[in-house]
Amino acid sequence: MKRTTRTIRTVALALALAMLMTALALTLSACGNKIVMTFEADNGKTYTADSGFFRFMMTYAKQNFYTQNGLNSSVEKSIWDTKTDDGITYDKVYTDRTVTQTKSVLVEQYLFDKYNLTLSDETIAGVKKNVKTSVKSQGGKGYYKQYFGYTSDQLYNYLIMVEKSKAVVEYLYGKEGIDPVTADELDKYYKDNYAGYLFIMLDMENKVKRDEKGNRVVKTTTDKDGKVTEQQAYETEKLTQEEKDKKETLAAEIQKKLDEGAAFEDLVAEYSDDYFSVTFKRGLFVPKESGLINNADTVNKEIKKLEIGACTGALSTGDTNKYTYFVKRIDLADKIYDDSEYSDMFSGYKDTVKYDKYDGVIESYDAAIKVDTDTINSFSMKQTFLTEYVDVYYYYTHYGRS
C-alpha cells in the first residue's frame, strides 16, 4: 500500500526478542551544528533543523530502506549506485526523500502549535517506556548510540514527534476531525491510483498438493493447544525431473489456449499455483505505482504497460526462472475497498487516503522553507552510518532468529 514519504510514520521493528517502535526522528538543534533548514511560520515562530538532525534523518532513512525492502548489509557496496528507470541513483532518490521528510517535520511542528494541540500524560509516559525498553535491549545509552548511530534522546524526541503528527492528522481528518475523509474521496483515490489484475503463477520447481477431489490443499499450522489455522498458501511438494520437464511445456499450452479464446479466469482456476490468484476470483487490486508480485521486477514492469482487457505472454521472474506468470489487466471492481472479502488487503486504505490529503497540506508549505543546499549536498546515503540492526532484522524476519 502506498505510503508517501512526506509524513511521519510509526513502524514496528523486531529487535531480537524485543519490539522496538520506530519512526522518523526529531532532534532539531544541537550545539556545534549548522542550521540547514528554516521555516518562518505565520504564527510568529521560526522552526529550524540543523545538520545534526539531518544526519539523524539520513541514518534512520537508510535503516528504514533496508528493513522495508527486506535487504541486508551485503548489498551496501552496490545498492546506492544503482539507478532507477529514470537514470537517478538510489543514493540521490533517498537523500532527496530525506530532505522532503525533514521539511515535513518542521511543518508538522508548526501545525501542532497552530491548532493548539497537546499530548496526554499517558501518551508521553508510553513514549518514555518505549525508549527505556529499546535502550535496555542494547545494554545502555552508550551501546545504543554505537549500535544505531543515534542517541536515546533522539529516539525519545522523534517518538514524541510521531505522536504530534498523529494528533494533527486526527484533528484534521479523524472521525471528529474538521475535514474527515468522505466517501467520494475514497472512491476517487481508488479510481485514480489502483489497477486490477488476474494472474496465473506457475511454480517451476514445486507442485501444489491436491486432495482426493482434486482441490488444492491449503497449508495449516497447529499451535500448542492443538488449534489448527489455515494459512494463505498451499501445501507443495518438489517436482520430479520428469514433472519438471513436463511443466516446462505448460506455458506454451496456456498461451495456445489464450490465443484460442479461453477465458483467463478458467485458466487461473485450472493452472495457477498461487493461493491469492485462485482464491480471489474477482482479481487483485493494487496501487498502480507498486508491484503486483513481490521481488519480480520483470513482471511488475511489463504489467504497467497493459491496457484493460490485455494479457501478457509468459513472464519469468529472472535468471532463476523459478516462477512463470501470465497477467491480465481488468476493470476495477466497484468499491472493493469496502468489500469484506478484501478487508485484509485494504485494512489501511482509509488511512492511505487520509494521509494523501494530509500530504497535500504539508506540501503546500514547501516553498516557505529555506534550505542550505550546500550543506545538504555534502550528505549522501553511501556515506551514512548503517546499523547492524538491518542484518538482525533480516535474519529475524526470514528465519525467525537473529
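Enquirer: Please provide a residue-by-residue account of the packing of helix α9 (residues 250–259) against helix α10 (residues 264–271), values included.
Expert: In contact at an axis separation of 10 Å, α9 and α10 are set at 155° when each is read in the N-to-C sense. Classed by the angle they form, the pair α9 and α10 counts as roughly antiparallel. Here α9 runs over α10; the crossing is right-handed. Residues Leu250, Glu253, Ile254, Lys257 and Leu258 of α9 lie in contact with α10, whose contacting residues are Phe264, Leu267, Glu270 and Tyr271. Split into classes, the residues belonging to the contact of α9 with α10 amount to six nonpolar, no polar and three charged.

Enquirer: A description of the pattern of salt bridges should follow, citing residues and the corresponding values.
Expert: In total, this model carries 22 salt bridges according to the counting rule given. For the salt bridge of Asp113 with Lys45, the shortest nitrogen-to-oxygen distance reads 3.5 Å. Taken as a pair, Asp113 in helix α3 (residues 90–114) and Lys45 in the loop between β3 (35–40) and β4 (46–50) lie far apart in primary sequence, 68 residues in all. Its relative accessible area of 27% is what places Asp113 among the partly exposed residues.

Enquirer: Before we move on, could you go through the packing of helix α7 (residues 183–193) against helix α13 (residues 349–363) and cite the residues and values that matter?
Expert: Running from N to C, α7 and α13 point in directions that differ by 90°, and their axes come no closer than 10 Å. Regarding the angle of α7 to α13, the classification is roughly perpendicular. Residues Glu185, Leu186, Tyr189 and Tyr190 of α7 form the contact with α13, whose own contacting residues are Tyr349, Lys350, Thr352, Val353, Asp356 and Lys357. A class-by-class count of the residues in the contact of α7 with α13 yields five nonpolar, one polar and four charged.

Enquirer: How would you summarise the pairing of β3 if you had to cite specific residues and measurements?
Expert: The sheet contact formed by β3 and β4 spans five bridges and is antiparallel. Looking across to β4, one finds that Glu40 is bridged to Thr46. The hairpin formed by β3 and β4 contains five residues between the paired strands, and Gly44 there has a positive phi angle of roughly 90°. Here β3 runs beside strand β13 (residues 369–371); their pairing, made up of three bridges, is antiparallel. Following the sheet pairing, Phe39 is matched in β13 by Ile369.

Enquirer: Explain the sheet that holds β4 to me, using residue names and the numbers behind them.
Expert: The strand order across the open sheet formed by three strands is β4-β3-β13, and the pairing between neighbours is antiparallel. A single partner strand is all that each edge strand has here, and the edge strands are β4 and β13. Shown here is a sheet whose adjacent strand axes are inclined to one another by a mean of 15°, direction ignored. Contacts from helix α1 (residues 51–68) reach β3 and β4 within the one sheet, and its direction differs from that of β4 by about 65°.

Enquirer: So what's going on with the nonpolar core? Residues and values would help.
Expert: Counting 57 residues, the largest nonpolar core has Met37, Phe39, Leu111 and Tyr358 as the members making the most contacts within it. Apart from the residues lying within four places of it in its own chain, the contact partners of Phe39 are Lys45, Thr46, Tyr47, Leu106, Val107, Tyr110, Tyr365, Ala368 and Ile369.

Enquirer: Lay out the environment of Ile376 in plain terms, naming residues and giving numbers.
Expert: Summarising the element assignment, Ile376 is placed in helix α14 (residues 373–376). The spacing of Ile376 and Thr352 is 24 residues in sequence and 30 Å in space, taken between C-alpha atoms. In contact with Ile376, not counting residues within four places along its chain, are Val36, Met37, Phe54, Val99 and Val371.

Enquirer: Explain the pairing of strand β12 (residues 323–330) residue by residue, including any values.
Expert: Counting buried residues in β12 gives seven out of eight residues, a clear majority hidden from the surface. Taken together, the eight bridges between strand β5 (residues 194–203) and β12 define a ladder with antiparallel strand orientation. Residue pairing across strands places Asp203 opposite Tyr323, the latter belonging to β12. Here strand β11 (residues 315–316) pairs with β12 via two bridges, running antiparallel. Bridge pairing in β12 links Leu315 to Tyr325.

Enquirer: Report on the confidence of the model for the protein, specifying residues and quantitative values.
Expert: Confidence in the prediction for the protein averages 88 pLDDT; 90% of positions are at 70 or higher. The low-confidence segment residues 1–27 (pLDDT under 50) makes 109 contacts with residues lying over four places distant or belonging to another chain.

What counts and how
Residues numbered from 1 in each chain as written. Predicted model: local features only at pLDDT ≥ 70, side-chain atom pairs only at ≥ 80, totals over all residues. Heavy atoms only, no water. Axes fitted to C-alpha atoms, helices over the stretch in contact; angles between N-to-C directions. Helix = DSSP H or I, 4+ residues; strand = E, 2+ residues; numbered from the N terminus. Parallel < 35°, antiparallel > 145°, perpendicular 65-115°, else oblique. Left-handed = near helix turned anticlockwise from the far one by under 90°. Contact = heavy atoms within 4.5 Å. Nonpolar A, V, L, I, M, F, W, Y, C, P; charged D, E, K, R; others polar. Salt bridge = Lys/Arg side-chain N within 4 Å of Asp/Glu carboxyl O. Buried < 20%, exposed > 50% of the residue type's maximum accessible area, 1.4 Å probe, protein only. Pairing = 2+ DSSP bridges. Core = buried A, V, L, I, M, F, W, Y, C linked by side-chain atoms within 4.5 Å. pLDDT = per-residue confidence, 0-100.

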